[in-house]
Amino acid sequence: MEHFTFRCVCCRRIRPRNLRVKNQHYCGDKRCQQARKSKWQREKQQTDPEYRTNKKESQQVWKQKNPDYWKRYRRQHPEYCMHNRQKQRIRDQSMQMSGSCEDNLVKMDTLNLFLKGNTGSYFICPADSDLVKRDALAVKIIPISAGYKHLAKKDSIAPQSMLRYGKS
Ligand SMILES: [Zn+2]
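All values reported here derive from a predicted model rather than from experimental measurement.

Criteria and cut-off values
- Residues numbered from 1 in each chain as written.
- Predicted model: local features only at pLDDT ≥ 70, side-chain atom pairs only at ≥ 80, totals over all residues.
- Helix = DSSP H or I, 4+ residues; strand = E, 2+ residues; numbered from the N terminus.
- Buried ≥ 20, exposed ≤ 12 C-beta atoms within 10 Å, placed from the backbone.
- Contact = placed C-beta atoms within 7 Å.
- pLDDT = per-residue confidence, 0-100.
- Expected span 1.5 Å × (residues − 1).

Novice: What should I look at first to understand the overall build of the protein in this one?
Specialist: Within the protein, the secondary structure is distributed over 7 helices and 4 strands. When the helices and strands of the protein are read in sequence order from the N terminus, they spell out β-β-α-α-α-α-α-β-β-α-α. Here the protein holds 168 residues, and 2% of them are scored as buried. In the protein, the share of contacts with a sequence separation of at least 24, taken over all contacts with a separation of at least 6, comes to 29%.

As structure tokens, this is what we get:
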């Protein structure tokens with residue numbers, strides 16, 4: 001049976017094998033195919049100097065033909081700019097946290113300090129991600145007022161004490 005199915009390295013699901021694809025690692029989902037393609041491009045970029053040169057040249061040609069593209073895009077997509085600014089803020093914050101902290105206690109204090117003045121929607125993304133390529137998880141962060149703290153302890157994913165004192 002395992003000849004007819006495989007586990008997609010992107011979505012981790014068991015999928016039927018496409019018999020026309022040799023050594024299939026990715027399923028046909030759009031997201032997984034995009035991941036396959038960008039992995040291929042990344043590897044090509046790292047190993048093939050000719051590919052790098054061609055890419056750079058075609059980007060320069062494109063840029064000359066479309067000098068105002070990004071300016072226009074940002075003007076027409078204010079939500080894109082807002083998301084990027086938020087993601088940048090999170091990245092700045094996590095850089096500060098990972099750079100200057102020695103233990104979880106300090107990290108939680110920094111996080112609390114950050115959350116105090118910043119209610120709103122955020123994107124959680126890997127610390128090394130770049131702006132456009134990676135997926136991000138959108139979350140809303142709402143501070144819990146003092147009166148509800150006992151509730152929060154019961155309901156939150158990790159109890160407060162665990163967060164405060166690091167790994168249990
Ligand atoms: Zn997949």
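Novice: Would you explain the confidence of the model for the protein in this entry?
Specialist: When pLDDT drops low, the exact placement of atoms in the prediction is not to be read closely. On average, the protein scores 77 in pLDDT, and the residues at 70 or more come to 59%. Across residues 100-104 the pLDDT falls below 50, and counting only partners more than four positions away or on other chains, this stretch makes 5 contacts in the model. The low-confidence segment residues 158-168 (pLDDT under 50) makes 10 contacts with residues lying over four places distant or belonging to another chain.

Novice: Explain unusual backbone geometry to me, please; I cannot follow it from the model alone.
Specialist: Note: most residues except glycine have negative phi, and most peptide bonds are trans. Even without being glycine, R12 reaches a positive phi, approximately 65°. With respect to the secondary-structure elements, R12 resides in the loop between β1 (5-7) and β2 (14-16). R12 gets classed as exposed once you count the C-beta atoms within 10 Å, which come to 10. Although it is not a glycine, N23 sits at a positive phi angle of roughly 50°. Note on placement: N23 falls in the loop between β2 and α1 (30-47).

Novice: Explanation requested: helix α2 (residues 49-65) in the structure shown.
Specialist: Helix length check: α2, at 17 residues, gives a terminal C-alpha distance of 25 Å against a target of 24 Å (1.5 Å per residue), a fit within 8%. The element α2 is largely exposed, with a buried count of 0 among its 17 residues.

Novice: Where do I start with the environment of R31 in this structure?
Specialist: Considering the arrangement of structural elements, one finds R31 in helix α1. Overall, the presence of 13 C-beta atoms within 10 Å leaves R31 in the partly exposed class.

Novice: What exactly am I supposed to notice about α1 here?
Specialist: At 3.6 residues per turn, the α-helix brings residues three or four places apart onto the same side. In this model, α1 (18 residues) spans 26 Å end to end at C-alpha, consistent with the 26 Å of a helix rising 1.5 Å per residue. Summarising burial for α1: 0 of the 18 residues are buried, a small minority.

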